[in-house]
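Results of the structural survey
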Number of protein chains: 4
Amino acid sequence: MIDLSGLYPPIVTAFDDNENIAYDKLQLNLQHWVSQPLDGVVMPGSNSEAAFMTEDEHISIMKVCADSLKGTNKRLIAGTGMETTAGTIKMTQIAGRLGAAAALILPPHFFKASMKHDVLISHYYAVADESPIPILVYNVPAFTGIDITLETMIALANHPMIIGAKDSSANVVKMAHVLAAVPDFQVFAGTGSALLPFLSIGGCGGVMALANFAAKPLRQLYEAFNNGNMKEATRIQLSLAHINAAVTSQYGVSGLKYAMDRSGFYGGPTRRPLLALGESDRRKIDQLLINLDL
Amino acid sequence: MIDLSGLYPPIVTAFDDNENIAYDKLQLNLQHWVSQPLDGVVMPGSNSEAAFMTEDEHISIMKVCADSLKGTNKRLIAGTGMETTAGTIKMTQIAGRLGAAAALILPPHFFKASMKHDVLISHYYAVADESPIPILVYNVPAFTGIDITLETMIALANHPMIIGAKDSSANVVKMAHVLAAVPDFQVFAGTGSALLPFLSIGGCGGVMALANFAAKPLRQLYEAFNNGNMKEATRIQLSLAHINAAVTSQYGVSGLKYAMDRSGFYGGPTRRPLLALGESDRRKIDQLLINLDL
Amino acid sequence: MIDLSGLYPPIVTAFDDNENIAYDKLQLNLQHWVSQPLDGVVMPGSNSEAAFMTEDEHISIMKVCADSLKGTNKRLIAGTGMETTAGTIKMTQIAGRLGAAAALILPPHFFKASMKHDVLISHYYAVADESPIPILVYNVPAFTGIDITLETMIALANHPMIIGAKDSSANVVKMAHVLAAVPDFQVFAGTGSALLPFLSIGGCGGVMALANFAAKPLRQLYEAFNNGNMKEATRIQLSLAHINAAVTSQYGVSGLKYAMDRSGFYGGPTRRPLLALGESDRRKIDQLLINLDL
Amino acid sequence: MIDLSGLYPPIVTAFDDNENIAYDKLQLNLQHWVSQPLDGVVMPGSNSEAAFMTEDEHISIMKVCADSLKGTNKRLIAGTGMETTAGTIKMTQIAGRLGAAAALILPPHFFKASMKHDVLISHYYAVADESPIPILVYNVPAFTGIDITLETMIALANHPMIIGAKDSSANVVKMAHVLAAVPDFQVFAGTGSALLPFLSIGGCGGVMALANFAAKPLRQLYEAFNNGNMKEATRIQLSLAHINAAVTSQYGVSGLKYAMDRSGFYGGPTRRPLLALGESDRRKIDQLLINLDL
């Protein structure tokens, strides 16, 4: 089984002022990410505004990423979860052909009440049966309105092609239980502030918005943990709390893109309905960035 | 301002056994709906599995409906809410060109925490400014995870092109407040069991899954109310409670399609991940249908 | 079976400036309520700040109410739900001895996750078996965090001593289903803005904070409905929407008590942690009261 | 400032078969807890069924605990949160007089919607101003329906008498943020499965149902962490996941009391409405206990 351990940004998509994908900017960003202490990139994830893309755009940005990473030692983990089972199978197979190392798959979520245990198992197993690459389950109730239960997560882990999960709900209690039941499951923190807690229960890394522009301190934290230097790891973890909140729960993708613009990457505008940050919110992020060693 | 008062089914999409759209079956259903005591159809709505469609399919089924209703006195209310503002504008304009009488627009909902008052106002106003047809706001927290607040709903109603709303959360307290503040807002019940309560607070009709196959009793209820025969209206409303639950909260689209199959329409399969009902659930719906006069 | 149909305020408890019960003020209020077009009072309910009382106070205010209503044609419906089964049985028996016509019983709610169907049935049946008076189930998820399900409500209705319910969640869809299954269940709206919608599905009245000081328009609405004058009933219902929100969801008990102070009743202070309204909020309520004919 | 770091059980209350407090059994348990590798006990907490107690019982069990711990090096952290501000002040002062080292105070929670930032600050500050002992904020949304926000928690931490918090929601992201903002805040895990994650972000211990009967492995985990032996700490943490779930989210107090009965303590019955476990659930807990070294 492939070992995906490590640190990944769910990378943002570069748009121009007309809300079209700015492929040149995306490629420049990718060159930059390749030079960072990262193990690869996740694309598209929630922060890439995948929900705002057509199927063609979805495929096209996966291809750009796969091409940019070719010949490097970085992995592409492709986001391939669509609302239908057939669509998810198709997108996962395309990702595999493009060279993605794994697929990160969020559950169908429009018909929330219908997404019961049996339906989710049936969906993920159908995809896994047809997938050429290993699958990570993506649990992100803040976006999907669905919180994959302990029971469902363990049942999913029974499929040989489902090798891990990203948990953006930062539920250490549930994920410790999953890891107790399935020791080799590859569990990723889904937000920067949960990295050390997830490592402490046997997690193997993180897929974190913060890693879009703050790979360095996250890597230092990760290495401090691996070297048994918990005091240092804790210190770094807390030093990232404010900026992590700013680019996730507080200001969302708009905040993340602004922070990238201020950190040597191209952030650029979001697609609407997401709006640019106002002046005072930008000043708050400026202030938080001053204290970071990026 | 156009008066949309009346009863509408958010019609289902006919699929064949390979999960492709069965246009012939859809057209047969449309002929049947045209003959029913309905004021038109809503397409695509949640029950049409719009979340499972490509943009091309979305446009194509709107066209089929518009063509089928041409020359009849029935209206097409088109579902045109997409995740992006630009996409929603485009789809609403297409619906207008195809001849839709109005657009029913659900809010963008992937980035739930970001869909604050200002963002929703900005989104809906941008769409309304560019829309050739009047707009109904579609509040359906069970699917979107977003419950449009009283304050936001009233602010939306201030735009001259936003003339009403469908509230699937059946929140009579909130919608009475909206109607007290904006007396000519056209408020539709979003589920069959809320029709009479919504009429009692000044609502003007319903957009109800149940109307896909039970237009007759819903029309009888509506006329009893309009004729001041509340006892009869109440009796019919309660007689529909069980079957309404079965084709909405209990069994969802799968239940609705099965009930249609048993009532002279083509229901057919859903797209996956939605699954067909099991035998015992089908028997329960059979039982409920026996007691209905359709 | 006793028919409790009608309109009731869940009356507030008068406190003095030291947060002690002001029995004289409570008695004056009771004389006033007796003269209003009401069918009785509910005491203690949520708005009485029952959650802030000792057991002794709880008994003592029930006694004051029972004594004040003696010799009138008004009923006391006593709130007797405690966290324990034994405590609820005891309080219900005391209420019966004091002369209450019925008991309104909210579910135990601290251990929310444990309050599953079987536990709630076991609790309510144990109480009903020992109760000398009929029981109304009190569903108020905003305060208890527990939403009694359709299935549980129907099972509760099977006990001969459980004759009805107050639903503060204004769930017309669920309560229509309950009334379809149990036609003689006595269902009360739990907030003023839901009165007409509940009457429209066969409800028999309301237990409404608003009735503390606005019995007259609520009675006019009720009679318009009973006389088949739906247009007038709808008109009154909408005219109460703003003030109803102010004394419930918007400003809670503090708002209700202020509105009472301005309407010929003694409202007085709440117990802390609830705080008095600020100046601007008081002005908003003043404005709303101007438009009412009390 | 007193340093409360360490491990505490929120101890259960012993009841006899008539649901009366079994003081003799409680005292025997206390003798047993004193001999365990614990830093004290919390009483009453949620698991003590405090919600089911009269005020007199509440005081009386605090006194029994204080007396039993006298002359030992174990601390009593008293649960003193009541629904009213005045009641909480009174109970906290009594706890102080009895010798409690600190008070663990859950927020008033009946009027959930009214418990906004300002109201909570006003309440806690009023209590802290009158308290003779330091205060820990108790955040337990599963029972209170209130999730104290980051902003409120940081504002509470500004009061010199509010020195820490127990977070039963296991929200590592929020508590890391609190610790980044208030480095000397004493943060306790509120469930056994969150102990190591909380230690990893700078927490200082745990108040955990599991510690009622499994102090030994929790202490081993705590010491492994303090000695920099993270691999061992992680191993123990995962080994406790199943039993921790059984005595909290899965079976609640009934499960906890049964596990105690099987581990050398007196668990005994709960008060109703909580019910005893059925046979098959007891067998599941038996199975989990076999694998523990207690």
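Residues numbered from 1 in each chain as written. Chains lettered and ligands numbered in written order. Predicted model: local features only at pLDDT ≥ 70, side-chain atom pairs only at ≥ 80, totals over all residues. Heavy atoms only, no water.

Things to note about helix H9 (residues 215-226) of chain D
Quick note on the threshold: The numbering of helices and of strands both runs from the N terminus, where a helix is a DSSP run of H or I of at least 4 residues and a strand a run of E of at least 2. One less than the number of residues in a helix, times 1.5 Å, gives the span that helix is expected to have. Burial classes follow relative accessibility: with a 1.4 Å probe on protein chains only, a residue under 20% of its type's maximum area counts as buried, one over 50% as exposed, and anything between as partly exposed. A contact between two residues is defined here by any heavy atoms of the two lying within 4.5 Å.
In this model H9 of chain D runs 16 Å from its N-terminal to its C-terminal C-alpha over 12 residues, within 8% of the 16 Å that 1.5 Å per residue would give. For H9 of chain D, every residue scored as buried is listed here: Ala 215, Pro 217, Leu 218, Arg 219, Leu 221, Tyr 222, Ala 224 and Phe 225 of chain D. Looking at the buried residues of H9 of chain D, the elements they touch are helix H10 (230-239) of chain A together with strand S1 (6-8), helix H8 (195-200), strand S8 (205-207) and helix H10 (230-239) of chain D. Immediately downstream of H9 of chain D, the backbone of Gly 228 of chain D shows phi near 75°, a positive value.

Quick notes on the interface of chain B and chain A
Selection rule: Each of two parts loses accessible area, computed with a 1.4 Å probe, when they are put together; buried area is these two losses added. What counts as a salt bridge is simple: a side-chain nitrogen of Lys or Arg found within 4 Å of a carboxyl oxygen of Asp or Glu. Counting of polar contacts relies on pairs of N or O atoms within 3.5 Å, with two restrictions inside protein: one atom must be capable of donating a hydrogen and the other of accepting it, and residues adjacent in sequence are counted only when both atoms are side-chain atoms.
If you look at the interface, chain B gives 33 residues, while chain A gives 33 residues. Between chain B and chain A lies a buried interface of about 2,800 Å² when both sides are counted; carbon and sulfur atoms form 72% of it. Contact with chain A buries area across many residues of chain B, yet Phe 110, Phe 111 and Pro 273 of chain B alone supply 26% of it, more than any other trio. Counting the contacts that link chain B with chain A gives zero salt bridges. Seen at the junction of chain B and chain A, the total is four residue pairs in polar contact (both at pLDDT 80 or more). Only helix H3 (85-98), helix H4 (117-130) and helix H5 (141-144) of chain B provide two or more residues apiece to the side of chain B that touches chain A. Sort the elements by how many residues they give to the side of chain B that touches chain A and H4 of chain B lands first, with four residues.

Considerations on the relation of the copies chain B and chain A
Cut-off, in case you're wondering: We superpose the copies by least squares over the C-alpha atoms of residues that have a pLDDT of at least 70 in both of them.
Laying chain B over chain A is done by rotating through 180° and shifting 0.0 Å along the axis; what remains is an RMSD of 0.0 Å. Put plainly, the chains are arranged around a two-fold axis. For chain B, the residue whose C-alpha comes nearest the rotation axis is Gly 145 of chain B, separated from it by 3.0 Å. Counting the interface residues of chain B, we find that 100% of their copies in chain A are interface residues as well, pointing to one common contact surface.

Concerning the packing of H9 of chain D against H10 of chain D
Residue and element names in this part refer to chain D. Note the cut-off: Between the N-to-C directions of two axes lies an angle of 0 to 180 degrees, each axis being a line fitted to C-alpha atoms and, for a helix, fitted only over the stretch in contact. Note on angle classes: values under 35 degrees are labelled roughly parallel, values over 145 roughly antiparallel, values of 65 to 115 roughly perpendicular, and the remainder oblique. Should the near helix be turned anticlockwise from the far one by less than a right angle, the crossing is left-handed, and should it be turned clockwise, the crossing is right-handed.
Running from N to C, H9 and H10 point in directions that differ by 155°, and their axes come no closer than 7 Å. In terms of their interaxial angle, H9 and H10 are classed as roughly antiparallel. Considering only the axes of H9 and H10, their crossing is left-handed. In this structure, H9 contributes Pro 217, Gln 220, Leu 221, Ala 224 and Phe 225 to the contact, and H10 contributes Met 230, Glu 232, Ala 233, Ile 236 and Gln 237.

Digging into the interface of chain D and chain C
In this assembly, 33 residues from chain D lie in contact with 33 residues from chain C. In total, about 2,800 Å² of surface goes out of reach between chain D and chain C, with carbon and sulfur atoms giving 72% of it. In terms of surface lost to chain C, no three residues of chain D exceed Phe 110, Phe 111 and Pro 273 of chain D, which account for 26% of the buried area on that side. The tally of links from chain D across to chain C stands at zero salt bridges.

Regarding the pattern of salt bridges
Across all of its chains, the model carries 64 salt bridges over all chains by this definition. Put simply, Lys 174 of chain C and Asp 147 of chain C hold a salt bridge, and the shortest N to O gap is 2.9 Å. Pair noted here: Lys 174 of chain C is in helix H7 (residues 172-181) and Asp 147 of chain C is in the loop between helix H5 (141-144) and helix H6 (150-157), with a separation of 27 residues, a long-range link. Asp 67 of chain D serves as the salt-bridge partner of Lys 70 of chain D, at 3.5 Å between the closest nitrogen and oxygen. You can call Lys 70 of chain D exposed: its relative accessible area is 57%.

As for the pairing of strand S6 (residues 162-167) of chain C
Residue and element names in this part refer to chain C. Let me state the cut-off plainly: Pairing between strands is defined by DSSP: at least two bridges between the two strands are required. When the strands point away from the viewer, a crossover counts as right-handed if the route from the first strand across the helix to the second turns clockwise.
With six of six residues buried, S6 lies mostly within the body of the structure. The sheet contact formed by strand S5 (residues 135-139) and S6 spans five bridges and is parallel. The partner of Asn 139 across the bridge, within S6, is Asp 167. With four bridges joining them, S6 and strand S7 (residues 186-189) adopt parallel strand pairing. Residue pairing for S7: Ala 165 is matched across the bridge by Val 187. Handedness of the β-α-β unit built from S6, H7 and S7 comes out right-handed.

Describing the relation of the copies chain D and chain C
Mapping chain D onto chain C calls for a rotation angle of 180° and an axial translation of 0.0 Å; the resulting RMSD is 0.0 Å. Residue by residue, 100% of the interface of chain D is reproduced at the interface of chain C, so both copies engage with the same surface.

What to know about the packing of helix H6 (residues 150-157) of chain D against helix H7 (residues 172-181) of chain D
Residues and elements named next belong to chain D. Heads up, the rule is: Residue polarity follows a fixed list, in which Ala, Val, Leu, Ile, Met, Phe, Trp, Tyr, Cys and Pro are nonpolar, Asp, Glu, Lys and Arg are charged, and the others, Gly among them, are polar.
Taken N-terminus to C-terminus, the directions of H6 and H7 make an angle of 35°; their axes are 10 Å apart at the nearest point. The handedness of the crossing between H6 and H7 is right-handed. Side by side, H6 and H7 meet where Leu 150, Met 153 and Ile 154 of the first sit next to Lys 174, Met 175, His 177, Val 178 and Ala 181 of the second. Grouping the amino acids of the contact of H6 with H7 by side-chain chemistry returns six nonpolar, one polar and one charged.

Digging into the nonpolar core
Cut-off, in case you're wondering: Among the buried residues, those of types Ala, Val, Leu, Ile, Met, Phe, Trp, Tyr and Cys that are joined through side-chain atoms within 4.5 Å form a nonpolar core.
Judged by nonpolar contacts, the single largest core of 230 residues is most densely connected at Phe 185 and Phe 213 of chain A together with Phe 185 and Phe 213 of chain D. In this structure, Phe 185 of chain A is in contact with Met 153, Ala 157, Ile 162, Ile 163, Gly 164, Ala 165, Val 178 and Leu 179 of chain A, ignoring residues within four places of it in sequence. Leu 274 of chain A, Ala 224 and Ile 243 of chain B together with Ile 135 of chain C belong to the second largest nonpolar core, which has 228 residues in total.

So, the environment of Ala 194 of chain C
Mapping Ala 194 of chain C onto the fold places it in the loop between S7 and helix H8 (195-200). When the C-alpha positions of Ala 194 of chain C and Ser 169 of chain C are compared, they lie 9.2 Å apart, and in sequence the two are 25 residues distant. Filtering out sequence-adjacent residues up to four positions away, Ala 194 of chain C remains in contact with Val 172 and Val 173 of chain B together with Ala 170, Ala 189 and Gln 237 of chain C.

Some points on unusual backbone geometry
One can expect most non-glycine residues to show negative phi and most peptide bonds to be in trans. Following Arg 272 of chain B, the chain continues into Pro 273 of chain B via a peptide bond in cis, with omega recorded as 20°. Along the chain, Pro 273 of chain B turns up in the loop between helix H12 (252-261) and helix H13 (279-290). Even without being a glycine, Ala 170 of chain B presents a positive backbone phi close to 55°. Topologically, Ala 170 of chain B is positioned in the loop between strand S6 (162-167) and helix H7 (172-181). On the accessibility criterion, Ala 170 of chain B (7% relative accessible area) is buried. With phi around 70°, Glu 19 of chain C is a residue other than glycine that occupies positive phi space. On the secondary structure map, Glu 19 of chain C appears in the loop between strand S1 (6-8) and helix H1 (23-34). For Glu 19 of chain C, a relative accessible area of 16% corresponds to the buried category.

Focus: the pairing of strand S2 (residues 40-43) of chain A
Residues and elements named next belong to chain A. Here S2 shows no split at all, with Gly 40 and Val 42 on one side and Val 41 and Met 43 on the other all buried. In this sheet, strand S3 (residues 75-79) lies alongside S2 in parallel orientation, the contact comprising four bridges. Each residue of the ladder has a partner; that of Val 42, found in S3, is Ile 77. Handedness of the S2-helix H2 (residues 55-69)-S3 crossover: right-handed.

Description of H6 of chain D
Among the residues of H6 of chain D, those classed as buried are Thr 152, Met 153, Ala 155, Leu 156 and Ala 157 of chain D. Its buried side turned inward, H6 of chain D meets helix H4 (117-130), strand S5 (135-139), strand S6 (162-167) and H7 of chain D.

Things to note about the sheet that holds S8 of chain D
Residue and element names in this part refer to chain D. If you trace the eight strands from one edge of the open sheet to the other, you get S1-S8-S7-S6-S5-S4-S3-S2, paired in parallel fashion. Edge positions in the sheet fall to S1 and strand S2 (40-43), since each has one partner strand and no second. If you compare each strand with its neighbour and ignore which way they point, the axes differ by 25° on average.

Points about the sheet that holds strand S7 (residues 186-189) of chain A
Residue and element names in this part refer to chain A. Ordered by their spatial adjacency, eight strands build an open sheet running S1-S8-S7-S6-S5-S4-S3-S2, and the pairing between neighbours is parallel. Each edge of the open sheet is held by one strand with a lone partner, namely strand S1 (6-8) and S2. Across this sheet, the average inter-strand angle for adjacent strands is 25°, counted without regard to direction. Alignment of S7 against strand S8 (residues 205-207), held across two bridges, turns out to be parallel.

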